[in-house]
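Structural features, examined
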Amino acid sequence: MDNPRLTYLFQVYFNKTASPTEREEFMELIASNENDEQLKSLLADSWQEFNGQNQVFNEGQYGEMLANILEKGNADSPAPLAVAYKKNTNWLRIAAAAAIFFIAASGTWFWLKNRQSEQVAIQSKVISDDDKQAIVPGGNKAVLTLANGTTIVLDSSLQGTLANQGNARVMKLNTATLAYNAEDIAAGETVYNTLSTPSGGQYQLILQDGTKVWLNASSSIYFPTVFKGKERNVTVTGEAYFEVAKNAAKPFKISVDDMKVQVLGTHFNIMAYGDESSINTTLLEGSVKISKGSSNKLLVPGQESRINKAGDIKIVAAEIEEVMAWKNGWFQFNGYDIEKVMRQISRWYNVDVVYEGKIPPGHFSGIVSRTNDISQVLKIIQAGGVRFKITGRKVTVFS
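This structure is a prediction, so every number in the text was calculated from the model and none was measured.

For the structure on display, the rule yields nine aromatic pairs. Taking 5.0 Å as the distance between ring centres and 15° as the angle between the ring planes, the aromatic pair formed by Y192 and Y222 counts as stacked. With Y192 in strand β11 (residues 192-197) and Y222 in strand β14 (residues 219-224), this pair connects stretches of sequence that are 30 residues apart. Overall, the relative accessible area of 35% leaves Y192 in the partly exposed class. The exposure class assigned to Y222 is partly exposed, which follows from its relative accessible area of 39%.

Given below as structure tokens:
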């Protein structure tokens, strides 16, 4: 029969609302073999919520990770581990989920895939030449370039109407949102603006038709201040998420290099960074048509198109949570190599990444809050046998 007290303590510990006494009681219950089956059930449910189906630690690591949880149970934040695991242990799934559970309790969790070695040493500290100068995460930063070339840095000090462009008013609604309003669309000339985010920046834009656009770091959108004529056309670089206002009479078209995305009203994400291997369009709602040269593909919700450097279009099932993680405040890595992981780190923290010696092998999966300082994120990734050194705004990666 399940112990209702264990269920309660599981929830409050996971939600970080447990008192010191409750944390201590929870650790005692975890340590008791008689609670194994109930704990398996609780952790399995939590594990499925985070990861779905992947089993990510080998059996030996499970036991040591759970032992570490018991040892560190009263800590308020995850402690880096030095693990030399045993081959014969029967703690299997409990410890796997518990390890994730423990780290998740502080808002950050990470796991490793395909670890073959019998020892994992996680350095307790990222090497830094100056620990006092923390590299903080990105935030709401952007630059608006008006039709005449004037640039406006969108910082927190600006509020209200910023400019008049054609017959549209440019308004800063809050610290993270720019909006365009026009009472008479037909009047005045059509002029174009550009909203750009730097490395370490993100921003939201509401276009004149009500379409909402979220820009990730190192991205831009070139757009008319009002939409006239029979189409609504914009150009994008980097990564952007769109919630397009419906207008069957006036299709919305996005240009990315020589690729085009046509929609009527829908929610989708475009990832088109030049240093990635493909341009990915992920559809959450509605429908879109992808065009590249003479090739056309129609997406339905839950699908993703990938256009490689050769111009080939491939349609795959989308990993929606992974794709939308950046907009929701997370890094989410699903079997990424270290170079792909570090490209995201580089954009968000505005750092240069270099590799010393051979590029570390292996693949990484996990989810980490984008609100952490870079050293916190790198410390977690070091679980994969990778090491980092921070010098100014340069991060060196080595095995």
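Moving on, we get to the environment of N308. Structurally, N308 can be placed in strand β22 (residues 303-308). When the C-alpha positions of N308 and E276 are compared, they lie 9.2 Å apart, and in sequence the two are 32 residues distant. The contacts of N308, once residues within four sequence positions are left out, are S277 and S278.

Per the stated rule, a full pass over the model turns up eight salt bridges. A salt bridge links K253 to E231; the nearest nitrogen and oxygen atoms lie 2.7 Å apart. Taken as a pair, K253 in strand β16 (residues 252-256) and E231 in the loop between β14 and β15 (232-243) lie far apart in primary sequence, 22 residues in all. One salt-bridge network, in which partners are shared between bridges, spans D275, E276, R343 and R347.

It is worth spelling out the pairing of strand β17 (residues 259-263) at this point. Burial of β17 is one-sided: the residues M259, V261 and V263 facing one way are buried, the residues K260 and Q262 facing the other way are not. In terms of strand pairing, β17 meets strand β20 (residues 288-292) through five bridges, oriented antiparallel. The residue of β20 that forms the bridge with V261 is I290.

Attention shifts here to the nonpolar core. Core analysis: the largest hydrophobic core is formed by 41 residues, its most contacted members being L195, I221, F242, I254 and F268. Broken down by element, this core gets its largest block of residues, four residues, from β15. Sequence-distant contacts of F268, defined by excluding residues within four places in its chain, comprise A240, Y241, F242, V244, I254, V261, V263, T281, T282, L283, L284 and V288. Counting 25 residues, the second-largest nonpolar core is a separate cluster that includes V341, V368, I374 and V397.

Before going further, it helps to examine helix α7 (residues 338-349). Its 12 residues place the ends of α7 16 Å apart at the C-alpha level, agreeing with the 16 Å of an ideal helix rising 1.5 Å per residue. For α7, the set of buried residues is I338, V341, M342, I345, R347, W348 and Y349. Its side-chain oxygen placed 3.2 Å from the backbone nitrogen of E339, D337 serves as the N-cap of α7. Looking one or two places after α7, you find N350, whose phi comes out positive at around 55°.

As a further point, take the side chain of T281. With respect to the secondary-structure elements, T281 resides in strand β19 (residues 278-285). Residue contacts for T281: discarding those within four places in its chain leaves M259, V261, F268, N269, I270, I290, L299, Q303, E304 and S305.

For the rest of this paragraph, the subject is helix α8 (residues 374-381). In an α-helix, one full turn covers 3.6 residues, which means residues spaced three or four apart are oriented alike. Within α8, burial applies to I374, V377, L378, I380 and I381. Take α8 and look down its axis: the buried residues cluster within an arc of 155°, on one side only.

The subject of this paragraph is the confidence of the model for the protein. Of all residues in the protein, 74% attain a pLDDT of 70 or more, and the chain-wide mean is 78. Confidence, expressed as mean pLDDT per element, reaches its minimum in the protein at strand β1 (residues 82-84) with 25 and its maximum at strand β13 (residues 212-215) with 98.

What counts as what
- Residues numbered from 1 in each chain as written.
- Predicted model: local features only at pLDDT ≥ 70, side-chain atom pairs only at ≥ 80, totals over all residues.
- Heavy atoms only, no water.
- Phe/Tyr/Trp six-rings, centres within 6.5 Å; stacked < 30°, edge-to-face > 60°.
- Helix = DSSP H or I, 4+ residues; strand = E, 2+ residues; numbered from the N terminus.
- Buried < 20%, exposed > 50% of the residue type's maximum accessible area, 1.4 Å probe, protein only.
- Contact = heavy atoms within 4.5 Å.
- Salt bridge = Lys/Arg side-chain N within 4 Å of Asp/Glu carboxyl O.
- Pairing = 2+ DSSP bridges.
- Core = buried A, V, L, I, M, F, W, Y, C linked by side-chain atoms within 4.5 Å.
- Expected span 1.5 Å × (residues − 1).
- Polar contact = N/O pair within 3.5 Å; in protein donor to acceptor, adjacent residues only side chain to side chain.
- Arc of directions from axis to C-beta.
- pLDDT = per-residue confidence, 0-100.

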